[in-house]
Amino acid sequence: MESKNKKQTTDQDKDIINNWLPITKSRNSTWWYSAFHNVTAVVGAGVLGFPYAMSELGWGPGITLLVLSWLCTFYTAWQMIELHESECGKRFDRYHELGQHAFGEKLGLWIVVPQQLMVEVGTNIVYMITGGKSLKKIHETLCDNCKPIKTTYFIMMFSSVHYVLSHLPSLNSIAAISLAAAVMSLSYSTIAWVASINKGVQPDVQYCSIASTTAGTAFNFFSALGDVAFGYAGHNVIMEIQATIPSTPEKPSKGPMWKGMIVAYIAVALCYFPVSIFGYWAFGNSVDDNILISLQRPKWLIAAANIFVVVHVIGSYQIYAVAVNDMIESFLVLKMKFKPTWYLRFISRNLYVSFTMFVAITFPFFGGLLGFFGGFVFAPTSYFLPCIIWLAIRKPKRFSLSWYINWFCIVFGVMLMVLAPIGSLRQIILQAKDYKFYS
(Lines give C-alpha, C1' and ligand atoms only; values in the text may rest on other atoms or scores of the structure.)
Protein backbone atom coordinates (compact mmCIF):
# COMPACT_ATOMS: atom_id res chain seq x y z
CA MET A 1 0.00 0.00 0.00
CA GLU A 2 2.84 2.35 0.97
CA SER A 3 4.69 1.47 -2.27
CA LYS A 4 1.52 2.22 -4.29
CA ASN A 5 1.07 5.62 -2.58
CA LYS A 6 4.75 6.42 -3.17
CA LYS A 7 4.37 5.58 -6.86
CA GLN A 8 1.25 7.80 -7.13
CA THR A 9 3.14 10.68 -5.46
CA THR A 10 6.08 10.22 -7.84
CA ASP A 11 3.76 10.21 -10.88
CA GLN A 12 2.00 13.34 -9.60
CA ASP A 13 5.36 15.09 -9.10
CA LYS A 14 6.41 14.03 -12.60
CA ASP A 15 3.17 15.43 -14.07
CA ILE A 16 3.67 18.73 -12.23
CA ILE A 17 7.23 19.01 -13.57
CA ASN A 18 6.17 18.03 -17.12
CA ASN A 19 3.45 20.69 -17.03
CA TRP A 20 6.11 23.22 -16.02
CA LEU A 21 8.86 22.33 -18.51
CA PRO A 22 8.72 24.25 -21.84
CA ILE A 23 8.61 21.20 -24.16
CA THR A 24 5.82 19.24 -22.45
CA LYS A 25 3.87 22.19 -21.00
CA SER A 26 1.53 22.56 -23.97
CA ARG A 27 0.33 19.73 -26.27
CA ASN A 28 -2.21 21.54 -28.41
CA SER A 29 -0.05 22.04 -31.52
CA THR A 30 -1.19 21.33 -35.11
CA TRP A 31 0.48 20.29 -38.37
CA TRP A 32 0.94 23.90 -39.48
CA TYR A 33 2.69 24.72 -36.18
CA SER A 34 4.96 21.79 -36.98
CA ALA A 35 5.53 23.16 -40.51
CA PHE A 36 6.72 26.62 -39.56
CA HIS A 37 8.64 25.44 -36.46
CA ASN A 38 10.53 23.01 -38.72
CA VAL A 39 11.12 25.62 -41.45
CA THR A 40 12.48 28.02 -38.83
CA ALA A 41 14.70 25.30 -37.31
CA VAL A 42 16.03 23.75 -40.53
CA VAL A 43 16.43 26.75 -42.86
CA GLY A 44 19.37 28.55 -41.30
CA ALA A 45 20.97 31.83 -42.30
CA GLY A 46 23.81 29.53 -43.41
CA VAL A 47 21.93 29.23 -46.74
CA LEU A 48 23.43 32.62 -47.66
CA GLY A 49 26.86 30.94 -47.56
CA PHE A 50 25.84 28.06 -49.84
CA PRO A 51 26.98 29.79 -53.10
CA TYR A 52 30.41 30.21 -51.44
CA ALA A 53 30.38 26.51 -50.52
CA MET A 54 29.52 25.74 -54.15
CA SER A 55 32.58 27.77 -55.25
CA GLU A 56 34.75 25.51 -53.06
CA LEU A 57 33.05 22.30 -54.21
CA GLY A 58 32.47 22.97 -57.93
CA TRP A 59 29.34 22.28 -59.99
CA GLY A 60 29.25 18.47 -59.94
CA PRO A 61 30.25 17.73 -56.31
CA GLY A 62 28.30 20.78 -55.07
CA ILE A 63 24.93 19.82 -56.58
CA THR A 64 25.51 16.13 -55.67
CA LEU A 65 26.18 17.05 -52.02
CA LEU A 66 23.10 19.32 -51.86
CA VAL A 67 20.81 16.62 -53.28
CA LEU A 68 22.26 13.79 -51.14
CA SER A 69 22.05 15.93 -47.97
CA TRP A 70 18.43 16.83 -48.70
CA LEU A 71 17.41 13.20 -49.37
CA CYS A 72 19.40 11.74 -46.47
CA THR A 73 18.16 14.21 -43.84
CA PHE A 74 14.56 14.01 -45.15
CA TYR A 75 14.74 10.24 -44.64
CA THR A 76 16.24 10.52 -41.13
CA ALA A 77 13.58 13.13 -40.21
CA TRP A 78 10.90 10.57 -41.20
CA GLN A 79 12.63 7.96 -39.01
CA MET A 80 12.62 10.25 -35.97
CA ILE A 81 8.94 11.10 -36.46
CA GLU A 82 8.08 7.37 -36.70
CA LEU A 83 10.13 6.54 -33.58
CA HIS A 84 8.50 9.26 -31.42
CA GLU A 85 5.84 6.75 -30.32
CA SER A 86 7.69 3.52 -31.12
CA GLU A 87 6.78 1.95 -27.76
CA CYS A 88 3.08 1.43 -26.98
CA GLY A 89 1.72 4.03 -24.57
CA LYS A 90 5.00 5.97 -24.32
CA ARG A 91 6.18 9.13 -26.09
CA PHE A 92 9.81 10.05 -26.52
CA ASP A 93 9.47 13.81 -26.13
CA ARG A 94 13.18 14.57 -26.33
CA TYR A 95 16.02 13.36 -28.54
CA HIS A 96 17.95 11.94 -25.57
CA GLU A 97 14.91 9.93 -24.42
CA LEU A 98 14.89 8.16 -27.78
CA GLY A 99 18.65 7.59 -27.43
CA GLN A 100 18.10 6.10 -23.96
CA HIS A 101 15.43 3.77 -25.35
CA ALA A 102 17.84 2.57 -28.06
CA PHE A 103 21.13 2.37 -26.14
CA GLY A 104 20.17 2.22 -22.45
CA GLU A 105 19.58 4.83 -19.74
CA LYS A 106 23.19 5.97 -19.15
CA LEU A 107 24.82 5.26 -22.52
CA GLY A 108 21.94 6.85 -24.46
CA LEU A 109 22.25 10.01 -22.38
CA TRP A 110 26.01 10.26 -22.96
CA ILE A 111 25.71 9.57 -26.70
CA VAL A 112 22.96 12.11 -27.45
CA VAL A 113 23.07 14.97 -24.91
CA PRO A 114 26.65 16.26 -25.51
CA GLN A 115 26.12 16.26 -29.30
CA GLN A 116 22.65 17.80 -29.08
CA LEU A 117 23.80 20.52 -26.68
CA MET A 118 26.82 21.36 -28.83
CA VAL A 119 24.59 21.79 -31.89
CA GLU A 120 21.92 23.83 -30.11
CA VAL A 121 24.23 26.08 -28.10
CA GLY A 122 26.60 26.45 -31.06
CA THR A 123 23.73 27.38 -33.38
CA ASN A 124 22.50 29.96 -30.87
CA ILE A 125 25.97 31.54 -30.72
CA VAL A 126 26.20 31.62 -34.52
CA TYR A 127 22.75 33.25 -34.68
CA MET A 128 23.88 35.87 -32.16
CA ILE A 129 26.79 36.69 -34.49
CA THR A 130 24.60 36.54 -37.62
CA GLY A 131 21.95 38.79 -36.07
CA GLY A 132 24.55 41.32 -34.92
CA LYS A 133 26.36 41.38 -38.28
CA SER A 134 23.06 41.74 -40.17
CA LEU A 135 22.10 44.72 -37.99
CA LYS A 136 25.52 46.23 -38.73
CA LYS A 137 25.02 45.63 -42.46
CA ILE A 138 21.61 47.40 -42.31
CA HIS A 139 23.25 50.36 -40.57
CA GLU A 140 26.10 50.56 -43.11
CA THR A 141 23.76 50.14 -46.10
CA LEU A 142 21.29 52.84 -45.09
CA CYS A 143 23.75 55.30 -43.60
CA ASP A 144 26.83 55.93 -45.77
CA ASN A 145 28.24 58.83 -43.75
CA CYS A 146 27.53 57.47 -40.25
CA LYS A 147 30.33 56.79 -37.81
CA PRO A 148 31.25 53.05 -37.81
CA ILE A 149 29.96 51.11 -34.80
CA LYS A 150 31.67 47.99 -33.44
CA THR A 151 30.09 44.62 -34.21
CA THR A 152 30.11 44.01 -30.43
CA TYR A 153 27.42 46.66 -29.88
CA PHE A 154 25.20 45.25 -32.62
CA ILE A 155 25.44 41.77 -31.07
CA MET A 156 24.42 43.32 -27.73
CA MET A 157 21.44 45.03 -29.43
CA PHE A 158 20.40 41.71 -30.96
CA SER A 159 20.72 39.87 -27.65
CA SER A 160 18.52 42.41 -25.85
CA VAL A 161 15.49 41.01 -27.74
CA HIS A 162 16.18 37.54 -26.33
CA TYR A 163 16.27 38.73 -22.73
CA VAL A 164 12.54 39.35 -23.27
CA LEU A 165 11.51 36.54 -25.64
CA SER A 166 13.35 33.79 -23.74
CA HIS A 167 10.82 34.12 -20.90
CA LEU A 168 7.91 32.90 -23.01
CA PRO A 169 6.89 29.70 -21.20
CA SER A 170 6.69 27.03 -23.92
CA LEU A 171 7.48 26.10 -27.52
CA ASN A 172 3.88 26.77 -28.56
CA SER A 173 4.02 30.27 -27.07
CA ILE A 174 6.63 31.31 -29.65
CA ALA A 175 4.43 30.11 -32.56
CA ALA A 176 3.82 33.63 -33.92
CA ILE A 177 7.55 34.45 -33.80
CA SER A 178 8.32 31.12 -35.49
CA LEU A 179 5.77 31.83 -38.26
CA ALA A 180 7.29 35.27 -38.91
CA ALA A 181 10.76 33.71 -38.97
CA ALA A 182 9.67 31.01 -41.46
CA VAL A 183 8.19 33.63 -43.81
CA MET A 184 11.36 35.74 -43.50
CA SER A 185 13.63 32.79 -44.34
CA LEU A 186 11.71 32.20 -47.57
CA SER A 187 11.75 35.96 -48.29
CA TYR A 188 15.49 36.62 -47.97
CA SER A 189 16.34 33.37 -49.79
CA THR A 190 14.07 34.44 -52.66
CA ILE A 191 15.65 37.91 -52.69
CA ALA A 192 19.11 36.29 -52.86
CA TRP A 193 18.44 34.06 -55.88
CA VAL A 194 16.12 36.42 -57.80
CA ALA A 195 18.64 39.27 -57.41
CA SER A 196 21.42 36.92 -58.57
CA ILE A 197 19.44 36.09 -61.75
CA ASN A 198 18.74 39.79 -62.27
CA LYS A 199 22.43 40.58 -61.85
CA GLY A 200 23.35 37.95 -64.44
CA VAL A 201 26.70 36.30 -65.05
CA GLN A 202 29.41 38.77 -64.02
CA PRO A 203 32.26 39.78 -66.36
CA ASP A 204 35.28 37.44 -66.23
CA VAL A 205 33.36 34.93 -64.08
CA GLN A 206 35.34 31.77 -63.30
CA TYR A 207 34.16 28.45 -61.94
CA CYS A 208 37.58 26.90 -61.23
CA SER A 209 38.95 26.49 -57.69
CA ILE A 210 39.69 29.71 -55.81
CA ALA A 211 42.78 28.14 -54.19
CA SER A 212 46.10 28.22 -56.03
CA THR A 213 47.40 24.93 -54.62
CA THR A 214 46.07 21.37 -54.56
CA ALA A 215 46.24 21.33 -50.75
CA GLY A 216 44.26 24.59 -50.57
CA THR A 217 41.61 23.20 -52.92
CA ALA A 218 41.28 20.06 -50.77
CA PHE A 219 41.00 22.03 -47.50
CA ASN A 220 38.38 24.33 -49.02
CA PHE A 221 36.44 21.31 -50.26
CA PHE A 222 36.41 19.79 -46.76
CA SER A 223 35.39 23.11 -45.20
CA ALA A 224 32.46 23.39 -47.64
CA LEU A 225 31.21 19.97 -46.49
CA GLY A 226 30.84 21.42 -42.98
CA ASP A 227 29.03 24.50 -44.33
CA VAL A 228 26.43 22.30 -46.04
CA ALA A 229 26.07 20.03 -42.97
CA PHE A 230 25.39 23.17 -40.90
CA GLY A 231 22.32 23.76 -43.10
CA TYR A 232 20.60 20.67 -41.69
CA ALA A 233 20.57 21.16 -37.92
CA GLY A 234 16.79 20.93 -37.44
CA HIS A 235 16.84 17.25 -36.40
CA ASN A 236 18.01 18.31 -32.96
CA VAL A 237 14.55 19.69 -32.17
CA ILE A 238 12.29 17.31 -34.16
CA MET A 239 11.32 15.20 -31.12
CA GLU A 240 10.73 18.35 -29.08
CA ILE A 241 8.50 19.91 -31.76
CA GLN A 242 6.51 16.67 -32.11
CA ALA A 243 6.08 16.57 -28.30
CA THR A 244 3.82 19.64 -28.58
CA ILE A 245 1.31 17.79 -30.82
CA PRO A 246 -1.55 15.90 -29.09
CA SER A 247 -1.57 12.13 -29.53
CA THR A 248 -4.09 9.30 -29.08
CA PRO A 249 -3.96 5.63 -30.23
CA GLU A 250 -6.49 6.53 -32.97
CA LYS A 251 -4.70 9.75 -33.99
CA PRO A 252 -0.96 9.52 -33.26
CA SER A 253 1.15 12.68 -33.43
CA LYS A 254 3.23 11.35 -36.33
CA GLY A 255 0.42 12.16 -38.83
CA PRO A 256 0.36 15.96 -38.41
CA MET A 257 4.10 16.06 -37.70
CA TRP A 258 4.94 14.29 -40.97
CA LYS A 259 2.58 16.59 -42.90
CA GLY A 260 4.35 19.61 -41.40
CA MET A 261 7.78 18.11 -42.16
CA ILE A 262 6.90 17.59 -45.86
CA VAL A 263 5.91 21.28 -46.10
CA ALA A 264 9.15 22.23 -44.31
CA TYR A 265 11.36 20.20 -46.67
CA ILE A 266 9.63 21.65 -49.74
CA ALA A 267 10.50 25.07 -48.27
CA VAL A 268 14.09 23.88 -47.68
CA ALA A 269 14.38 22.86 -51.36
CA LEU A 270 12.92 26.22 -52.49
CA CYS A 271 15.50 28.05 -50.37
CA TYR A 272 18.67 25.96 -50.67
CA PHE A 273 18.82 24.88 -54.32
CA PRO A 274 18.06 28.20 -56.13
CA VAL A 275 20.31 30.26 -53.81
CA SER A 276 23.22 27.83 -54.21
CA ILE A 277 22.92 27.37 -57.97
CA PHE A 278 22.07 30.91 -59.10
CA GLY A 279 24.41 32.59 -56.61
CA TYR A 280 27.34 30.53 -57.88
CA TRP A 281 26.21 30.91 -61.51
CA ALA A 282 26.25 34.72 -61.25
CA PHE A 283 29.50 35.26 -59.34
CA GLY A 284 31.54 32.06 -59.74
CA ASN A 285 34.52 31.71 -57.41
CA SER A 286 34.50 35.46 -56.59
CA VAL A 287 31.26 35.09 -54.58
CA ASP A 288 31.44 36.30 -50.96
CA ASP A 289 30.77 34.00 -48.01
CA ASN A 290 27.44 35.86 -47.71
CA ILE A 291 25.67 36.19 -51.07
CA LEU A 292 23.98 39.45 -49.94
CA ILE A 293 27.43 41.11 -49.74
CA SER A 294 28.16 40.13 -53.35
CA LEU A 295 24.84 41.61 -54.52
CA GLN A 296 25.44 45.08 -52.96
CA ARG A 297 22.77 46.86 -55.02
CA PRO A 298 20.03 48.05 -54.90
CA LYS A 299 20.52 49.34 -51.37
CA TRP A 300 16.90 49.09 -50.25
CA LEU A 301 16.71 45.44 -51.32
CA ILE A 302 19.89 44.45 -49.47
CA ALA A 303 18.70 46.34 -46.36
CA ALA A 304 15.31 44.56 -46.57
CA ALA A 305 16.99 41.15 -46.97
CA ASN A 306 19.15 41.80 -43.88
CA ILE A 307 16.07 42.87 -41.88
CA PHE A 308 14.46 39.55 -42.91
CA VAL A 309 17.62 37.72 -41.77
CA VAL A 310 17.42 39.42 -38.35
CA VAL A 311 13.75 38.44 -37.88
CA HIS A 312 14.48 34.87 -38.99
CA VAL A 313 17.44 34.34 -36.65
CA ILE A 314 15.42 35.76 -33.74
CA GLY A 315 12.87 32.96 -34.31
CA SER A 316 15.54 30.30 -34.94
CA TYR A 317 17.44 31.29 -31.80
CA GLN A 318 14.26 30.85 -29.76
CA ILE A 319 13.46 27.38 -31.22
CA TYR A 320 16.89 26.05 -30.18
CA ALA A 321 16.94 28.02 -26.91
CA VAL A 322 13.63 26.43 -25.81
CA ALA A 323 15.23 22.96 -26.18
CA VAL A 324 18.34 24.06 -24.23
CA ASN A 325 16.23 25.72 -21.52
CA ASP A 326 14.20 22.50 -21.21
CA MET A 327 17.44 20.56 -20.59
CA ILE A 328 18.77 23.10 -18.08
CA GLU A 329 15.48 23.30 -16.18
CA SER A 330 15.05 19.49 -16.19
CA PHE A 331 18.55 19.14 -14.72
CA LEU A 332 17.97 21.81 -12.05
CA VAL A 333 14.59 20.40 -10.96
CA LEU A 334 15.06 16.63 -11.39
CA LYS A 335 18.76 16.23 -10.52
CA MET A 336 19.58 19.26 -8.37
CA LYS A 337 16.13 19.14 -6.66
CA PHE A 338 15.36 22.85 -7.05
CA LYS A 339 11.69 23.79 -6.86
CA PRO A 340 10.09 24.62 -10.24
CA THR A 341 9.61 28.35 -9.67
CA TRP A 342 9.45 31.44 -11.88
CA TYR A 343 12.63 32.93 -10.42
CA LEU A 344 14.62 29.73 -11.11
CA ARG A 345 13.52 30.02 -14.75
CA PHE A 346 14.21 33.80 -14.77
CA ILE A 347 17.80 33.34 -13.56
CA SER A 348 18.67 30.30 -15.71
CA ARG A 349 17.31 31.75 -18.95
CA ASN A 350 18.95 35.16 -18.49
CA LEU A 351 22.26 33.44 -17.75
CA TYR A 352 21.95 31.36 -20.92
CA VAL A 353 21.28 34.41 -23.13
CA SER A 354 24.22 36.19 -21.44
CA PHE A 355 26.50 33.21 -22.09
CA THR A 356 25.67 32.99 -25.81
CA MET A 357 26.06 36.78 -26.15
CA PHE A 358 29.47 36.73 -24.40
CA VAL A 359 30.85 33.92 -26.60
CA ALA A 360 29.47 35.60 -29.75
CA ILE A 361 31.16 38.91 -28.83
CA THR A 362 34.43 37.19 -27.91
CA PHE A 363 34.66 34.93 -30.97
CA PRO A 364 32.80 36.50 -33.91
CA PHE A 365 34.64 34.05 -36.22
CA PHE A 366 32.76 31.26 -34.42
CA GLY A 367 31.30 30.11 -37.78
CA GLY A 368 34.63 28.46 -38.58
CA LEU A 369 34.83 27.03 -35.08
CA LEU A 370 31.31 25.65 -35.43
CA GLY A 371 32.26 24.06 -38.75
CA PHE A 372 35.05 22.27 -36.87
CA PHE A 373 32.80 20.98 -34.10
CA GLY A 374 29.88 20.74 -36.55
CA GLY A 375 31.65 17.96 -38.39
CA PHE A 376 31.53 15.93 -35.19
CA VAL A 377 27.97 16.77 -34.12
CA PHE A 378 25.89 18.14 -37.00
CA ALA A 379 26.55 15.13 -39.22
CA PRO A 380 25.83 12.53 -36.49
CA THR A 381 22.64 14.08 -35.08
CA SER A 382 21.10 14.82 -38.50
CA TYR A 383 22.67 12.36 -40.94
CA PHE A 384 23.36 9.04 -39.23
CA LEU A 385 22.50 8.83 -35.51
CA PRO A 386 18.76 8.40 -36.37
CA CYS A 387 19.77 5.51 -38.69
CA ILE A 388 21.76 3.78 -35.93
CA ILE A 389 18.80 4.22 -33.54
CA TRP A 390 16.45 2.84 -36.23
CA LEU A 391 18.68 -0.24 -36.73
CA ALA A 392 18.83 -0.77 -32.94
CA ILE A 393 15.05 -0.46 -32.38
CA ARG A 394 13.38 -1.65 -35.60
CA LYS A 395 16.07 -4.18 -36.62
CA PRO A 396 15.32 -4.29 -40.38
CA LYS A 397 16.22 -7.51 -42.19
CA ARG A 398 19.85 -7.63 -43.32
CA PHE A 399 20.35 -6.69 -47.01
CA SER A 400 16.77 -5.36 -47.24
CA LEU A 401 16.13 -1.95 -48.86
CA SER A 402 15.77 -0.30 -45.44
CA TRP A 403 19.06 -1.86 -44.29
CA TYR A 404 20.93 -0.59 -47.38
CA ILE A 405 19.48 2.95 -47.12
CA ASN A 406 20.40 3.20 -43.44
CA TRP A 407 23.95 2.04 -44.02
CA PHE A 408 24.36 4.43 -46.96
CA CYS A 409 23.29 7.36 -44.73
CA ILE A 410 25.65 6.16 -41.97
CA VAL A 411 28.66 5.96 -44.34
CA PHE A 412 27.78 9.33 -45.93
CA GLY A 413 27.37 10.97 -42.50
CA VAL A 414 30.61 9.51 -41.14
CA MET A 415 32.51 10.86 -44.17
CA LEU A 416 31.12 14.34 -43.45
CA MET A 417 31.99 13.95 -39.76
CA VAL A 418 35.62 13.02 -40.53
CA LEU A 419 36.37 15.37 -43.45
CA ALA A 420 34.52 18.61 -42.53
CA PRO A 421 36.57 19.46 -39.38
CA ILE A 422 39.85 19.17 -41.34
CA GLY A 423 39.00 22.11 -43.60
CA SER A 424 37.36 24.09 -40.80
CA LEU A 425 40.46 23.83 -38.59
CA ARG A 426 42.53 25.54 -41.29
CA GLN A 427 39.82 28.21 -41.64
CA ILE A 428 39.91 28.90 -37.88
CA ILE A 429 43.71 29.29 -37.94
CA LEU A 430 43.53 31.73 -40.87
CA GLN A 431 40.73 33.80 -39.28
CA ALA A 432 42.20 33.85 -35.76
CA LYS A 433 45.69 34.85 -36.91
CA ASP A 434 44.84 38.56 -37.34
CA TYR A 435 41.96 38.73 -34.88
CA LYS A 436 41.80 41.33 -32.09
CA PHE A 437 39.40 40.67 -29.19
CA TYR A 438 36.30 42.88 -28.91
CA SER A 439 37.20 44.85 -32.05
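Bear in mind that the values here come from a model prediction, so they are computed numbers and not experimental data. (Residues numbered from 1 in each chain as written. Predicted model: local features only at pLDDT ≥ 70, side-chain atom pairs only at ≥ 80, totals over all residues. Heavy atoms only, no water.)

(A) How the structure looks around a nonpolar patch on the surface. A cluster of nonpolar side chains, contributed by Trp59, Ile63, Val67, Leu71, Ile197, Val201 and Trp281, occupies part of the molecular surface with about 530 Å² of accessible area. The element contributing the most residues to the nonpolar patch is helix H4 (residues 59-83), with 4 residues. (Patch = residues over 30% accessible without salt bridge, like charges linked within 9 Å, V, L, I, M, F, W, Y side chains within 5 Å. Areas by Shrake-Rupley, 256 points an atom, 1.4 Å probe, with all protein chains shown as cover. Salt bridge = Lys/Arg side-chain N within 4 Å of Asp/Glu carboxyl O. Helix = DSSP H or I, 4+ residues; strand = E, 2+ residues; numbered from the N terminus.)

(B) Representation of the state of the cysteines in the model. The full count for this structure, using the stated rule, is 1 disulfide. The residue that forms a disulfide with Cys143 is Cys146, at a sulfur-sulfur distance of 1.4 Å. The disulfide joining Cys143 to Cys146 has a torsion of about 55° about its S-S bond and is therefore right-handed. Residue Cys143 is classed as partly exposed on the basis of its relative accessible area of 25%. Judged by its relative accessible area of 31%, Cys146 is partly exposed. The thiol sulfur of Cys72 is not disulfide-bonded, and the nearest other cysteine sulfur, from Cys409, lies at 3.2 Å. On the accessibility criterion, Cys72 (3% relative accessible area) is buried. Its relative accessible area of 3% is what places Cys409 among the buried residues. (Disulfide = S-S within 2.5 Å. Buried < 20%, exposed > 50% of the residue type's maximum accessible area, 1.4 Å probe, protein only.)

(C) Highlighting the side chain of Gln116. Tracing the chain through its elements places Gln116 in helix H6 (residues 105-142). At 3.0 Å, the side chain of Gln116 and the side chain of Glu240 are in polar contact. When residues no more than four places from it in sequence are discounted, the contact partners of Gln116 are Tyr95, His96, Asn236, Glu240, Met327 and Thr381. (Polar contact = N/O pair within 3.5 Å; in protein donor to acceptor, adjacent residues only side chain to side chain. Contact = heavy atoms within 4.5 Å.)

(D) Inspection of the packing of aromatic side chains at higher detail. Within the structure shown, the criterion is met by 23 aromatic pairs. With a centroid separation of 6.0 Å and 85° between ring planes, the pair formed by Trp31 and Trp32 is classed as edge-to-face. Overall, Trp31 belongs to the partly exposed group, its relative accessible area being 30%. Between the aromatic rings of Trp70 and Tyr265, the centroid separation amounts to 5.7 Å while the plane-to-plane angle is 65°, which identifies the pairing as edge-to-face. With Trp70 in helix H4 and Tyr265 in helix H11 (residues 254-283), this pair connects stretches of sequence that are 195 residues apart. Note on Tyr265: relative accessible area 1%, which makes it buried. Feature note: the residues Phe50, Tyr232, Tyr272, Tyr383, Phe408 and Phe412 constitute an aromatic cluster, connected by ring pairs. (Phe/Tyr/Trp six-rings, centres within 6.5 Å; stacked < 30°, edge-to-face > 60°.)

(E) The environment of Tyr188, seen in detail. With respect to the helices, strands and loops of the structure, Tyr188 is situated in helix H8 (residues 175-199). Along the sequence, Tyr188 and Asn306 sit 118 residues apart, while their C-alpha atoms lie 7.5 Å from each other.

(F) The arrangement of the nonpolar core in detail. One finds Met261 and Tyr272 to be the most contacted residues of the largest nonpolar core, which totals 114 residues. Counting 6 residues, the second-largest nonpolar core is a separate cluster that includes Ile17, Trp20, Leu21 and Val333. (Core = buried A, V, L, I, M, F, W, Y, C linked by side-chain atoms within 4.5 Å.)

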